[in-house]
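What the coordinates show
For reference, the chains in residue letters:
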Amino acid sequence: SYLVRPSAATLRPGDSTEVQIILQTQTADSQTNTHRFLVQAVGVEDSAPLSREDWGKFDRQSIREHRLNVVVQDESEEALAPARPSDGRPSTGVGAKASGAPAGGPAELKSKYDELVRYALQLEKEKKKLELELELASSQKASSSASGDGVSKLTLVLAVLVAFVAAYAAKFLS
């Protein structure tokens, strides 16, 4: 499996963006040279992100598509290389660039990369866990306020009234 960041974007005419396509090392297999990515583009009026449902509303003729072949390089080769469409032409702004590579070379770069991938996956798991806890807490709060576990207004008024009468009675009797 792969991590693709960002997986969707809206660009102005003439703009480009860098896309990271990360092969998950724990699932890497020898068949990656047959893997392909489909990059789709369509003209839009504003910069609002499109949902999956919005993509389904476009006419197939208006969607432009490019297929990118996956090329896995040895550690001894260049650390990262630009992706190429399946027709062999240079890509249109979609690819990977190496910048600021660590001084230790490709081995250290790979270990840092693997560390970042593990950290990103850990953050995703923590995010899901926290979202679940938040949902659970909000549902518990809603059910506890609805069930009336707190002190009712009538009980509070009666307690104040009894305290007032008791204080007045103590003053009156002394």
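Residues numbered from 1 in each chain as written. Predicted model: local features only at pLDDT ≥ 70, side-chain atom pairs only at ≥ 80, totals over all residues. Heavy atoms only, no water.

Looking only at helices and strands, the chain has 3 helices and 5 strands in total. Listing each helix as α and each strand as β along the chain from the N terminus yields β-β-β-α-β-β-α-α. Relative to its full complement of 174 residues, the chain shows a buried share of 9%. Put simply, of all contacts in the chain between residues at least 6 apart along the chain, 48% involve residues at least 24 apart. Accessible surface, the chain: about 14,400 Å² in total, of which carbon and sulfur atoms supply 57%. (Helix = DSSP H or I, 4+ residues; strand = E, 2+ residues; numbered from the N terminus. Buried < 20%, exposed > 50% of the residue type's maximum accessible area, 1.4 Å probe, protein only. Contact = heavy atoms within 4.5 Å. Areas by Shrake-Rupley, 256 points an atom, 1.4 Å probe, with all protein chains shown as cover.)

A few words now on unusual backbone geometry. Following R5, the chain continues into P6 via a peptide bond in cis, with omega recorded as -15°. Note that P6 resides in the loop between β1 (2–5) and β2 (20–23).

This part is about the environment of L68. Mapped onto the secondary structure, L68 falls in strand β4 (residues 64–69). Along the primary structure L68 and H35 are separated by 33 residues, whereas in three dimensions their C-alpha atoms are 8.6 Å apart.

Before going further, it helps to examine the pattern of salt bridges. Counted under the stated rule, the structure contains 5 salt bridges. Residues R60 and E65 are paired through a salt bridge, measuring 3.3 Å at the closest nitrogen-oxygen approach. Judged by its relative accessible area of 56%, R60 is exposed. Salt-bridge contacts for E65 lead to R67; the nearest nitrogen and oxygen are separated by 3.8 Å. Each of R60, E65 and R67 takes part in one network of salt bridges that share partners. (Salt bridge = Lys/Arg side-chain N within 4 Å of Asp/Glu carboxyl O.)

In this structure the tally under the stated criterion is 2 aromatic pairs. Seen from their ring centres, W55 and F58 are 6.0 Å apart, and the 65° between their planes marks the pair as edge-to-face. (Phe/Tyr/Trp six-rings, centres within 6.5 Å; stacked < 30°, edge-to-face > 60°.)

Okay, a nonpolar patch on the surface next. Together, L154, L158, L161, F164, V165, Y168, F172 and L173 make up a nonpolar patch on the protein surface, roughly 970 Å² of accessible area in all. Within the secondary structure layout, L161 lies in helix α3 (residues 153–173). (Patch = residues over 30% accessible without salt bridge, like charges linked within 9 Å, V, L, I, M, F, W, Y side chains within 5 Å.)

Let's shift gears to the confidence of the model for the chain. On average, residues of the chain score 75 in pLDDT, and 73% of them are at 70 or above. For residues 77–102, every residue scores under 50 in pLDDT, and the model assigns this stretch 42 contacts once sequence neighbours within four places are set aside. (pLDDT = per-residue confidence, 0-100.)

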